[in-house]
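Chain residues, written in single-letter form:
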Amino acid sequence: MIWALILIPFSASLLSLLIRDDKLRRGLLVGSAICHSIIMALSWAQTFIPILGGFFAVDLIAQLFLSIASILFLMTSFYAVGYLKTEKHENKKDFLENRLFNNAPEAVFTACLLMFLAMMTMVVTSQHFGILWVTMEATTLVTAPLIYFHRHHRSLEATWKYLLICSVGIAVSLLGNFFLAIAASSHNGVSIPLMRGELIARGSELWTPWVKVAFIFFLVGYGTKMGLAPLHTWLPDAHSEAPSLVSALLSGALLNCAFVGILRAFEVTAAAGQLVFAQDLLVLFGLVSMLFAAVFIIGQAEYKRMLAYSSVEHMGILALGVGLGGSAVYGSMFHAINHSLTKTALFLIAGNILAIYKTKIAADVRGMLSSIPASGIFWMAGILAITGFPPFGIFLSEFMILRAGIQQGRYFIAAVYLILLAIIFIGISAIALRMAQGRNTRPLDVKVERRSSIMPSAILIFTTLVLGIYIPPHLNNALHVIANLLGGN
Amino acid sequence: MWTDIVMVLLILTNMVVLGTSRLRACIRIVATQGVALGVLPLLIHSIETHILIFSIISIILKGVVFPYMLLRTLRQLNVWREDDPYVGYGMSLLAGPITLAFSYWVSTRLPMPFSIHSPMLIPVAFFTLIVGLFLIVSRKKALTQVLGYLVLENGIYAFGMAIANQQPMLIELGTLLDVFVGVFVMGIAIFHISRQFDHIDTDQLSALRD
Amino acid sequence: MTELILKVIQPLAALLLAPMLLGIINRVKAKFAGRKGQPILQTYYDLWRLFHKGAVYSNTTSWIFRVAPIICFAAIILTLMIVPLAGGNRSVFSFSGDLILAAYFLGLMRFFIVIGALDTGSSFEGMGSSREVHFSALAEPALFIALAAMARQTSSISFSGIFSAVTPHMWAGGCATILLASAAMIIVLVTENARIPVDDPNTHLELTMIHEVMVLDNSGPDFGFILYGAAIKLWIFASILTGILLPINGLPFIISIPLSIISIFIVSIIVGVIESSIARLRLISVPNLLLTAISLAILSLVFALRS
């Protein structure tokens, strides 16, 4: 079954390079996404057998994050069909600088999207640290052409920064792999292979200074891809210049994959007895990320960059949650689900706004509720959700983390966390809610809003609303088990 | 002793890359570095077939393919010198030995749990790593940044040599693959940059900022 | 008795054979250029000619100008007494710490050349002096640090001690230190002796002169002293270079002394080859070259310290 999970998108990607007919290719995209989601849904009912001698296995962390990614990819592929259709027929003029530009060939775009899904599956299910690393590198390389879809110089600048910074980050995490190998070298000749299961089982045999250094390098290396500050500098540029559905996938799925990498390293470090060390580092990075996000969100002029910084913030919250331990870990895992759902929905709506209002600047967008009511409603809902309004899911997860912080007596951290959340709330609301209200004065290219551009966001926001009120018991159990694995409850 | 000579060669090549502004010379020096590192597995392990094949692949990749690609990009771009880096060449040169002393210090803080072939391997690997990062940060031209990335990867490869008798060649292959694809993609990106912008000065890629 | 003979032979050989070094370099350059070139003994003829001429002194000079060449020559002879040939036969004056004294004698020589040049009051000489001092200020740390690295490696701060401790065993253990120190020494040799790529000994263009210009006003025996001194300085630096490199300590004296003299000649041939192959560096690039030498010297010190 895991073979199917990996090979379906992989072969679909190669096929889409060969298919000439656009409609057929888009159908292939949606078809692979549906297959992937069905198989992931099956994984909750029955366990999958590990393949290749245990190199790939769907353990609980993989199951959770892969399901998230699968749902997101499904929704995005629905959106993509309409998006690609419009992109083909429109006059491609860069409205910022009034120049003409091209798009990359659609086949390359679709192929990269599908390959991205395949590589993501491999990253999350990989049980060997080396393979995890290789596939993480592959996701970097595969997403670069996605960012460079609109071929003009700003997106090229964003792609270059993304490539360089993420490649350096991946190189650093390769060094982390080597350090882990040294830590796993044995005391008497036979060293422990870099398989997650074995490393956790024999954690006490690992050499402590090397485990610590390995964790630091993993955190910095994969943290670059995850968007933890101060390594996040590629994030705002890449998210603002890429097509919105690519930004949605990056924020919703790719950042989570990088987080999985860090979680794997965290498990091993905890098994080696360095749990507190790892947790302290995660708390530090988490708070720093939230701080950077808060500073840059206030007065942010462009709404897509604002969403990008919001991603940085939420990644910080994820790290903080795991770093606090206790019930915060459950909150962090729950937060991962909700954040991905909400952020993807927001980015898809942002794509609509961009297509209709033809501006990236938030101050120029007014009166969404009157001119594009469906998008407007879901935009407002999404913004309220992402800033932590009840009854959306994010409120619940952020509250869990806060409660854990107070329960542990770490009042300073809880206070900083709360203040930063408040600042970010003010910053985002001031910018984004005004976009929905008021009257619009720009000449708009308003067509009837396509269903395919609203339905995905609608479904996602509705899901996170439901999760904020009711957590299915199956999911609840799974989250508790994962939290236990990560040193919490 | 031969390992030591390779290590000294590595150090010298790093110093030269730090100090020269001529891009063609830089590319050739990084190529020599790659070839020296390609020979290293044969010196450290016994000469078996798979190690031999691996060495040959590394040498061809780093000594022939990469320089050819990068030189071709240079010719297309008609750029030959890095005139105005963020950190001047004299300072970069002086930073070299200071970095080497620092990496020796770091390696004393991290005792190796098993014996490695040459005690110079770890410090020199760290040194190459830091030189690579330094190049990425202190140079403006996108091509020199790619060269810095190559040097960074050389450092990681050298590190991999130290542990290679503990873990299989999988990791080495991973590094090689990483470098190959990374440089390939970055070369393409540089070509696009030069087409869009008419230069490869990343200092001027500043349209996106907060 | 043999001790005394050995001690005396070294400076004697230098005094006799040093001018031939300049001739060899010029001959090598000529061969590269396809010419027949000067005779190898040309410098001897030049010295003979100069010492038989009268000197002309300008009105603006003072006693310093007359005394400077002599002091320079005296300083270089003293240095000759300290630096032995390769293989570490003891030099005439060798004691612990003599390498610092040798470096300072060289500094004394440089100081008096510069002072003598400035004494003429001509702007040419002033320009040459400022360049010379600038480059020497950068070359001296390189020299010191390279010698310090060798001293650390061989646990001795005397030239004789260092040269005699360079054995094949030491090569196996500390070859990085030795190679890097000699790389730094090559650059220092080229700088201190006014060779391409730092300075062109044949040029007389204002923009490009350093050493040539400082001695423009010297004539007759003064110039003879300076020329002889330059040859001996080259000999000294070459013997330091070969001393650091050659592990010929254990061999009997009949073999090691001619071997070291031949190696000095080989160094001069190499200098000739370098001169013919590289172009002179622009003056703003010379500090970069010297910083390279300093870096190499620091590297060799790092290697010497870690073992």
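Colleague: What exactly am I supposed to notice about the overall build of chain B here?
Modeller: Within chain B one finds seven helices and zero strands. Relative to the 2.2 N^0.38 estimate, which gives 17 Å for 210 residues, the radius of gyration of chain B is 17 Å and therefore close to what a compact globule would have. When each of the 210 residues of chain B is scored for burial, the buried share is 60%. Within chain B, residue pairs in contact and separated by at least 24 positions form 77% of the contacts whose partners lie at least 6 positions apart. In the structure as shown, chain B presents an accessible area of about 8400 Å², 64% of it carried by carbon and sulfur atoms. Averaging the locations of the 13 positively and 12 negatively charged side chains of chain B gives two centres separated by 8 Å.

Colleague: Help me out: how do you make sense of the overall build of chain C in this one?
Modeller: On a plain count of helices and strands, chain C comes out with eleven helices and zero strands. Ordered by position from the N terminus, the helices and strands of chain C form the series α-α-α-α-α-α-α-α-α-α-α. If you line up chain C on its principal axes, its C-alpha atoms span 60 × 45 × 45 Å. Counting all 307 residues of chain C, 54% fall into the buried class. Counting only contacts in chain C whose residues sit at least 6 apart along the sequence, the fraction spanning at least 24 positions is 80%. Accessible surface, chain C: about 12800 Å² in total, of which carbon and sulfur atoms supply 72%. Considering chain C, the positive charge centre built from 18 side chains and the negative charge centre built from 15 side chains are found 8 Å apart.

Colleague: Can you help me understand the nonpolar core in this one?
Modeller: Within soluble globular proteins, side chains that are nonpolar tend to cluster in buried spots. Counting residues in each nonpolar core, the largest one holds 341 residues, and the members touching the most others are Phe65, Trp160, Met333 and Trp379 of chain A together with Trp235 of chain C. In terms of residue count, the dominant contributor to this core is helix 13 (residues 327-357) of chain A (18 residues). Not counting residues up to four positions away in its chain, the partners in contact with tryptophan 235 of chain C are Ala13, Ala14, Leu17, Ala18, Leu21, Leu80, Leu85, Ile261 and Ile264 of chain C.

Colleague: Can you walk me through unusual backbone geometry in this structure?
Modeller: Residues other than glycine predominantly adopt negative phi, and peptide bonds predominantly adopt the trans conformation. With an omega of 0 degrees, the peptide bond between proline 390 of chain A and proline 391 of chain A qualifies as cis. Locating proline 391 of chain A in the fold gives a position in the loop between helix 15 (373-386) and helix 16 (393-407). Omega for the bond connecting isoleucine 196 of chain C with proline 197 of chain C falls within 30 degrees of zero, at 10 degrees, which places this linkage in the cis form. Its identity as a non-glycine residue notwithstanding, alanine 194 of chain C has a phi of 60 degrees, on the positive side. Judged by its relative accessible area of 8%, alanine 194 of chain C is buried.

Colleague: What exactly am I supposed to notice about a positive patch on the surface here?
Modeller: A surface patch of positive charge is lined by Arg22, Arg24, Arg28, Arg72, Arg75 and Arg81 of chain B together with Arg282 of chain C. Where the positive patch is concerned, the elements lending two or more residues are helix 2 (23-44) and helix 3 (49-77) of chain B. Relative to the assigned elements, arginine 81 of chain B resides in the loop between helix 3 and helix 4 (89-109). For arginine 81 of chain B, a relative accessible area of 41% gives the class partly exposed.

Colleague: Is there a simple way to explain the side chain of threonine 3 of chain B in this structure?
Modeller: Checked against the element boundaries, threonine 3 of chain B lands in helix 1 (residues 2-19). Apart from residues no more than four positions distant in its own chain, threonine 3 of chain B is found in contact with Leu40, Leu43, Ile44, His117 and Ser118 of chain B.

Colleague: Sorry, what's going on with a nonpolar patch on the surface here?
Modeller: Residue and element names in this part refer to chain A. Together, Trp3, Leu7, Phe10, Leu14, Leu15, Leu17, Leu18, Leu52 and Val108 make up an exposed nonpolar region whose accessible area comes to about 820 Å². The dominant element in the nonpolar patch, judged by the number of residues it contributes, is helix 1 (residues 2-18), at seven residues. By secondary structure assignment, the location of valine 108 is in helix 4 (residues 106-125).

Colleague: Please clarify how the interface of chain A and chain B should be interpreted in this entry.
Modeller: Between chain A and chain B, the residue contacts involve 41 residues of the former and 45 residues of the latter. In total, chain A and chain B occlude about 3700 Å² of area from one another, counting both sides; carbon and sulfur atoms represent 75% of this. Put simply, chain A and chain B have zero salt bridges between them. At the boundary of chain A with chain B, the tally comes to one residue pair in polar contact (both at pLDDT 80 or more).

Colleague: Help me understand the interface of chain B and chain C in this model?
Modeller: Accessible area lost upon the coming together of the parts serves often as the stated size of an interface. Taken together, the contact pairs 15 residues of chain B with 14 residues of chain C. Across the chain B/chain C interface, buried area totals approximately 1300 Å², and carbon plus sulfur atoms make up 84% of it. Inspection of the region where chain B meets chain C yields zero salt bridges. Put simply, the parts of the chain that give the side of chain B that touches chain C at least two residues each are helix 1 and helix 4 of chain B. Residue contributions to the side of chain B that touches chain C peak at eight residues, all from helix 4 of chain B. In terms of residue class, the side of chain B that touches chain C is built from 14 nonpolar, one polar and no charged.

Colleague: Even after reading the chapter, I still don't get the confidence of the model for chain C, so can you show me in this structure?
Modeller: The predicted coordinates of low-pLDDT regions are not to be read in fine detail. Mean pLDDT over chain C stands at 88; residues scoring 70 or higher make up 98%. Note on the complex model: pTM 0.80, ipTM 0.85.

Colleague: I'm lost on the pattern of salt bridges in this one. Help?
Modeller: When charged atoms on two side chains of opposite charge get close, those side chains can pair. This structure, assessed with the given rule, holds 22 salt bridges over all chains. Between aspartate 59 of chain A and arginine 264 of chain A there is a salt bridge, and its shortest N-O distance comes to 2.9 Å. Residue aspartate 59 of chain A is located in the loop between helix 2 (22-45) and helix 3 (60-89), and its partner arginine 264 of chain A is located in helix 10 (residues 244-271); the two are separated by 205 residues in the primary sequence. Taking the relative accessible area as the measure of exposure, arginine 264 of chain A reaches 2% and is therefore buried. A salt bridge links glutamate 192 of chain C to lysine 233 of chain C; the shortest N-O distance between them is 3.4 Å. Of the two residues, glutamate 192 of chain C sits in helix 7 (residues 168-192) while lysine 233 of chain C sits in helix 9 (residues 220-245), which places them 41 residues apart along the sequence. Judged by its relative accessible area of 7%, lysine 233 of chain C falls in the buried class. Each of the salt bridges in this network shares a partner with another, and the network as a whole consists of Arg110, Glu132, Glu140, Glu192 and Lys233 of chain C.

Colleague: Any chance you could explain helix 9 of chain C here in plain terms?
Modeller: Residues three or four positions apart in an α-helix share a direction because the helix packs 3.6 residues into each turn. Along its 26 residues, helix 9 of chain C runs 38 Å from first to last C-alpha, staying within 8% of the 38 Å computed at 1.5 Å per residue. Within helix 9 of chain C, 21 of the 26 residues are buried, which leaves it mostly tucked inside the rest of the structure.

Conventions adopted
- Residues numbered from 1 in each chain as written.
- Chains lettered and ligands numbered in written order.
- Predicted model: local features only at pLDDT ≥ 70, side-chain atom pairs only at ≥ 80, totals over all residues.
- Heavy atoms only, no water.
- Helix = DSSP H or I, 4+ residues; strand = E, 2+ residues; numbered from the N terminus.
- Rg over C-alpha atoms; globule rule 2.2 N^0.38 Å.
- Buried < 20%, exposed > 50% of the residue type's maximum accessible area, 1.4 Å probe, protein only.
- Contact = heavy atoms within 4.5 Å.
- Areas by Shrake-Rupley, 256 points an atom, 1.4 Å probe, with all protein chains shown as cover.
- Lys, Arg positive; Asp, Glu negative; His and termini not counted.
- Charge placed at Lys NZ, Arg CZ, Asp CG, Glu CD.
- Core = buried A, V, L, I, M, F, W, Y, C linked by side-chain atoms within 4.5 Å.
- Patch = residues over 30% accessible without salt bridge, like charges linked within 9 Å, V, L, I, M, F, W, Y side chains within 5 Å.
- Salt bridge = Lys/Arg side-chain N within 4 Å of Asp/Glu carboxyl O.
- Buried area = accessible area lost by both parts, 1.4 Å probe.
- Polar contact = N/O pair within 3.5 Å; in protein donor to acceptor, adjacent residues only side chain to side chain.
- Nonpolar A, V, L, I, M, F, W, Y, C, P; charged D, E, K, R; others polar.
- pLDDT = per-residue confidence, 0-100.
- Expected span 1.5 Å × (residues − 1).

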